[in-house]
Amino acid sequence: MLLLTLLAASGGASAGERLHEYVLDNGLKIMVQVDRRAPVVVSQVWYKVGSSYEHDGITGVSHALEHMMFKGAGNLEPGEFSEIIARNGGRENAFTGRNYTAYFQRIHRDKLELCLRLEAERMRGLTLKAAEWAKEKEVIKEERLNRTDDRPSSVTYERFTATAFATSPSRHPIIGWMHDIDAMSVTDLRAWYDAWYAPNNATLVVAGDVDPGEVLRLAKRYFGPLEVRPVARPKPRPEVPQHGRKRVHLRLPAKVPYLVMGYKVPPLLLARRAADAYALELLASILDGADSARLVSNLVRDTQTATDAGASYELYDRLQTLLLLDATPAPDKTLKQVETALLAEVERLRDQPVGEAELARVKTRIIAGEVYSRDSVFYQAMRIGVAETVGVGYATAREYLDGIRAVSAEDVQRVAREYLVEDRLTVATMEPADG
Amino acid sequence: MARTGLGGLCLLALLAAWPLQAGPLIQTWTTANGARVMFYPAPELPMLDIRATFAGGSARDGTQPGVASMTNGLLAEGAAGLDAQQIAERFERAGARFANGAQREMAWVALRTLTGPASLEPALDTFGRVLSRPDFKRDDVERLRLQMLSALDQLEQSASSVAERALYRALYADHPYANPPQGERTSIAALDSGAVRAFYERYYVARNLTLALVGDIDRQAAERIAEGIAAGLRAGGKASELPPAPAPQAGRTVRVPFPSRQSHILIGTIGMRRGDRDYFDLYVANHVFGGSGFASRLLSTIRERHGLAYSAYSYFLPMAERGPFVLGMQTRNAQTDRAIDLALRELEAYLADGASTGELEASQRNITGGFALRIDSNRKLLQQLTTIGFYDLPLDYLDLFNDRITAVSTRSLHQALRTRIDPQSMVTVIVGGDAG
């Protein structure tokens, strides 16, 4: 009831301009979200390729290629792409995930044409010089040391993931294993580029103060001439069934112990019923996402077992994913005590339906969050790009709030009983080692 | 009602596409008991952001490092008889988000809420209680103490955090900016609710408050809300002025052994203040040198030419008194000396010759061309309003920003650089070297 009042008051959480969708003859998908609050535009090109498309021996190749996309293409010298965007008042970068590689610019709306021209140039004409790769390889190795190897909790998470998944490519770190980065050649990068970088494997997302018709005209002009290329579907590489709990223990140079655990769960795309995925989303929000959520409330404040505890779930994923729980034990508590406390929270979700008041509160939080998310044009574009590239489709993503609203206490309990079970669980613990 | 700023008017001209509003955009006034209010009406989304910022960060810790952080952290742990859970649930039921934090200068609490009455009124009510009637109960102090000590452990396993602490200690010695925002172990162990209460009563007062509001409300509602928030606080007095930052000392190298494969390197000296006479020259100077990513000299040398690091950057952190000028990078232990040598040579060459006309123009075009990106969301506007209000910058700061940037010449840039940055004063902090 409160939900209804909130929404009536806020004019409908899913309000906002409608999304404009186009597909060019060469298969490039174009999605335009108008937001006229400021004279700026976010332009993103998303490719359907990421670490979950990779196999052993070339892990990290999607991310490495992302780096090399700034190292010359067509008439552009190494670094020139960035230089041109900077001179025109823009900010730009790129990011690689398990299911996507994306490139973006944030810039004054008058400069959109420039972004599209440059992105089209590197969609097909990448230079990929061995000398540039030799230097960039060292940069990526430094990036890996910085992001992972020198961070105890990141190493723990990386080994945890590689333990949870035996056959699914979700086991690879996005940045790749160090030995694979080391052994990677320009030939590997070229083959990867040729296999996945094509208009028919990409989505252009533009959000901001733009006219959709004008975006389409510009996109046609620059991307239109690019040819369709054969793009293979990634082979199915499902995870083999798990039998019993998996466990991995690490000793690392650290000061604070850490625990991460996860249950294998389906994302929206693979759920037998969409309702299951939305129930998992709500389940994660019951545990985490606000100071009133259960993990902070029970583990951090009430029993003081942990100084920090969290949970998360990836609703939009291409492959089987994990319902993650992690925690840092309080100084006078052990890893074992923290593990027991987290498992007790899971058990409670299985044994008792969540109360109506708590469920309503969590839904209110999520619905309000949808309004707040519209404050960031970048985030709006991001959501569209992820949904499209993972394969969910933005039409489905628009049903998000309906999906959340429909979840009942029984739904949450049902998915907890089905998925939060021993045969889906992996636990990683990290204890500080001396020196 | 002290004054109404007209600063926003020129903003309209700058950003012709900005939706037209009746009246000035940035509005400012003072509440009855002396809090400064900065208001920007943003009617596009049915939401409101409020940020209450006090001059009550770790620079005010005095002999009790950590007291600013603990005071701030305890506000939402219990207030007006509500416990932490009740407070958090009230915000959640209203669909509102509460956030807080304490850095070196600022201690702040923030509220993001929908503007429908079912959200706004209960959210404001809870926010007001947290801000003006904290309980500082003993149990909550004990729990937060444990969390702060654990946070210190975490900090000690992060090479970059260790490096930052070491740099501030080396640059600021016994100046309050040397106080680490997370506090120190022995002092945290000794804090009690009395110390916290005294800190709260000195600094969480109306005359020491900058209240920024951005969102879908009109001026009348903003005045009512601001009055309501401030009325719960004692008038008190503004925090006293901090002592001037120390003059830069002779440079030196501080090595901290650390079990990491990369060394985290920070090279710094004393930089500039908010409202500094050289602010725009130094801002652009840094942009050319290390503040503009791939376009900057530092990243281009360290990463693009030599492949030594993933990230290499520099920045000025202007504060009420002179904050630091910092160069940072991380590289494999074995390459540390080479990277430092290259970075210092790059800096010395820059100090000697300044920027070329081409570099200056490229930076000016990036900064002015990207101006709209600084204010393209309510969240960013809230940040801008807070900065302008807290540091008492002129109300036309944003309006004139691009003009000031454009006015920088290669000559004025070089002059400012040379007089303000002494290469002999650079302190080099190296954290790492103890693993592979």
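Going by the structure above, here's the rest.
Residues numbered from 1 in each chain as written. Chains lettered and ligands numbered in written order. Predicted model: local features only at pLDDT ≥ 70, side-chain atom pairs only at ≥ 80, totals over all residues. Heavy atoms only, no water.

J.: Before we go on, may I ask you to explain unusual backbone geometry in this structure?
T.: Peptide bonds are, in most cases, trans, and in most cases residues other than glycine have a negative phi. The backbone of Q304 of chain A sits at a positive phi, close to 55°, despite the residue not being glycine. By relative accessible area, which is 24% here, Q304 of chain A ends up partly exposed. Here D392 of chain B, not a glycine, exhibits a phi torsion of approximately 55°, which is positive. Counting through the fold element by element, D392 of chain B comes out in the loop between α14 (378-390) and α15 (397-407). Overall, the relative accessible area of 53% leaves D392 of chain B in the exposed class. (Buried < 20%, exposed > 50% of the residue type's maximum accessible area, 1.4 Å probe, protein only. Helix = DSSP H or I, 4+ residues; strand = E, 2+ residues; numbered from the N terminus.)

J.: Sorry if this is basic, but what is going on with the sheet that holds strand β12 (residues 324-332) of chain B here?
T.: To summarise the sheet geometry, strands pair through backbone hydrogen bonds and adopt either a parallel or an antiparallel arrangement. Residue and element names in this part refer to chain B. Spatially, β9-β13-β10-β12-β11 is the arrangement adopted by the five strands of the open sheet, whose pairing is mixed. With partners counted over all chains shown, the strands left at the sheet margins are β9 (252-258) and β11 (312-316), one partner each. Ignoring which end each strand starts from, the neighbouring axes of this sheet average 15° apart. As defined by bridge partners, β9 adjoins strand β13 (residues 427-433) across seven bridges and the pair is classed as parallel. Note that in β13 the partner of P257 across the bridge is G432. (Pairing = 2+ DSSP bridges. Axes fitted to C-alpha atoms, helices over the stretch in contact; angles between N-to-C directions.)

J.: Is there a simple way to explain the interface of chain A and chain B in this structure?
T.: The extent of an interface is frequently quoted as the accessible surface area lost upon association of the parts. Counting residues at the interface gives 62 residues for chain A, matched by 65 residues for chain B. For chain A, the biggest contributors to the area lost against chain B are R37, E142 and Y372 of chain A; these three give 13% of the whole. Run the count over chain A and chain B and you get eight salt bridges. Residue E136 of chain A pairs with R303 of chain B through a salt bridge whose shortest N-O separation is 3.0 Å. Here the residues of the side of chain A that touches chain B are counted per class, giving 21 nonpolar, 16 polar and 25 charged. (Contact = heavy atoms within 4.5 Å. Buried area = accessible area lost by both parts, 1.4 Å probe. Salt bridge = Lys/Arg side-chain N within 4 Å of Asp/Glu carboxyl O. Nonpolar A, V, L, I, M, F, W, Y, C, P; charged D, E, K, R; others polar.)

J.: Quick question: what am I supposed to make of the nonpolar core here?
T.: Nonpolar side chains in soluble globular proteins tend to be buried together. I50, F127, L213, I302, L413 and V429 of chain B are the most contacted members of the largest nonpolar core, which totals 140 residues. At nine residues, helix α6 (residues 159-172) of chain B tops the list of elements feeding residues into this core. Looking at which domains feed residues into this core, each of domain 1 (31-231) and domain 2 (252-433) of chain B gives three or more. Leave out the neighbours within four places in its chain, and L413 of chain B touches D281, V284, A285, Y350, A355, L360 and V408 of chain B. Counting residues in each nonpolar core, the second largest holds 72 residues, with A387, Y394, I404 and A409 of chain A among its members. (Core = buried A, V, L, I, M, F, W, Y, C linked by side-chain atoms within 4.5 Å. Domains from an automatic or database assignment.)

J.: Just to check I follow, could you spell out the packing of aromatic side chains for this structure?
T.: Two numbers describe a pair of aromatic rings. These are the distance of the centres and the angle of the planes. By the definition in use, this model includes 36 aromatic pairs over all chains. Consider the rings of W46 of chain A and F95 of chain A, whose centres lie 5.5 Å apart with planes at 80°: the pair is edge-to-face. Placement of the pair is W46 of chain A in strand β3 (residues 40-47) and F95 of chain A in strand β4 (residues 91-96), with a sequence separation of 49 residues. What makes W46 of chain A buried here is its relative accessible area of 0%. Aromatic pair F136 of chain B and Y200 of chain B: ring centres 5.5 Å apart, planes at 65°, arrangement edge-to-face. Linking F136 of chain B in the loop between α4 (117-132) and α5 (138-156) with Y200 of chain B in helix α8 (residues 193-203), this pair joins segments that are 64 residues apart in sequence. Here a set of aromatic residues connected by ring pairs shows up, and it is made of Y47, F70, F81, Y103, Y193 and Y197 of chain A together with F294 of chain B. Across from the ring centre of Y53 of chain A, 4.2 Å away, lies the NZ or CZ of R318 of chain A, which sits over that ring. Over the ring of Y400 of chain A we find R383 of chain A, and its NZ or CZ is 5.8 Å from the ring centre. (Phe/Tyr/Trp six-rings, centres within 6.5 Å; stacked < 30°, edge-to-face > 60°. Lys NZ or Arg CZ within 6 Å of the ring centre and 35° of its normal.)

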